[in-house]
Structures are given as C-alpha cells and as structure tokens.
Amino acid sequence: MERYDPEMTLSAEEWLETDEGERIQLVEEYHRDARIALPKRTRRLHACMHVIVENQLAANDEPVVRALVRLMKEGLSRHDAVHAIGSLVAEEVYDLLKEHDPPETAHARYYAAIERLTAATWRASGDD
C-alpha cells in the first residue's frame, strides 16, 4: 500500500497485507500531508486509533461496518466516521486498563456503544 486516505474505502486485502507499523506511518503521513494539525505528543496515538478502526473495517467486523455506513448516512465524512468510532476504541482501551474486565465483557460493552453511536451523539461529545 502506497498511501492512506481516510475518505476512500480501502482494499481490505491490501490493507491487511501491509505491515502494522507501515499502516501507522501511512496514517501519520496522510495527516501531515493534509496539514491536519495534531499535537506532536498525540500524533502516533491518533494514527493508531485510525489503524485499529481500519483493521476492524478490513476484517469486516459487522457492527463497526454498520456504524461506519450509518454515520456517513447521517452526514459525517468517512474520515470523521473513523474518528467517531476511534473515540469509542479509545474509551474501551481506557476502561480495559481501569476496570480489568474480562475480554468478553469489554467486547460486549464496545459493541453496545458502537450500536448506540450516532453522528449527533459524537458531535455532542466534543470529540470532533
């Protein structure tokens, strides 16, 4: 894979065949080249959230795919929809570290949050 553009649907096969470190680098390069200002200390984390969501989409993780489609129908760009889903990934990682829940519980909580996610709730959260 030569470049990443969050507004374009990725080739799942090509994405998943790309080394994870290279995926992160491609996302970082996209944001740099698009002149999207991100604090230096969070650039890598931001890219990792993109990669996690894109990995789920490429793996055809159905609740995540449905959420992406729903969010875009509600008016979000694909990039913003990835951010909205990524915000839930970040919350789930935080909760996993804090709560020490079993993976099944954490997974169920994440999917429930994905199903509830709307463009309006994401915009209201201030994560955009």
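Placed above this text is the structure.
So, here is what we can say about the structure in this document. Keep in mind the model is a prediction, meaning the values are calculated, not measured.

### Remarks on the packing of aromatic side chains
Counting across every chain of the model gives three aromatic pairs. Relative to tryptophan 15, the ring of tyrosine 4 has its centre 5.7 Å away and its plane inclined at 40°; by these criteria the two rings are tilted. Of the two residues, tyrosine 4 is situated in the segment before α1 (12-17) and tryptophan 15 in helix α1; the sequence distance between them amounts to eleven residues. Residue classification places tyrosine 4 among the buried positions, given a relative accessible area of 2%. Judged by its relative accessible area of 0%, tryptophan 15 is buried. Relative to tyrosine 30, the ring of tyrosine 4 has its centre 6.1 Å away and its plane inclined at 85°; by these criteria the two rings are edge-to-face. Of this pair, tyrosine 4 sits in the segment before α1 while tyrosine 30 sits in helix α2 (residues 20-33), and the two are 26 residues apart along the sequence.

### Considerations on unusual backbone geometry
Even without being a glycine, arginine 35 presents a positive backbone phi close to 55°. Accessibility expressed as a relative area gives 77% for arginine 35, which makes it exposed. Backbone geometry at asparagine 60 places phi at a positive 55°, although glycine is not the residue there. Considering the arrangement of structural elements, one finds asparagine 60 in the loop between α3 (43-58) and α4 (62-73). Overall, the relative accessible area of 49% leaves asparagine 60 in the partly exposed class.

Conventions and cut-offs
- Residues numbered from 1 in each chain as written.
- Predicted model: local features only at pLDDT ≥ 70, side-chain atom pairs only at ≥ 80, totals over all residues.
- Heavy atoms only, no water.
- Phe/Tyr/Trp six-rings, centres within 6.5 Å; stacked < 30°, edge-to-face > 60°.
- Helix = DSSP H or I, 4+ residues; strand = E, 2+ residues; numbered from the N terminus.
- Buried < 20%, exposed > 50% of the residue type's maximum accessible area, 1.4 Å probe, protein only.

Coordinates in, geometry out; function isn't part of it.
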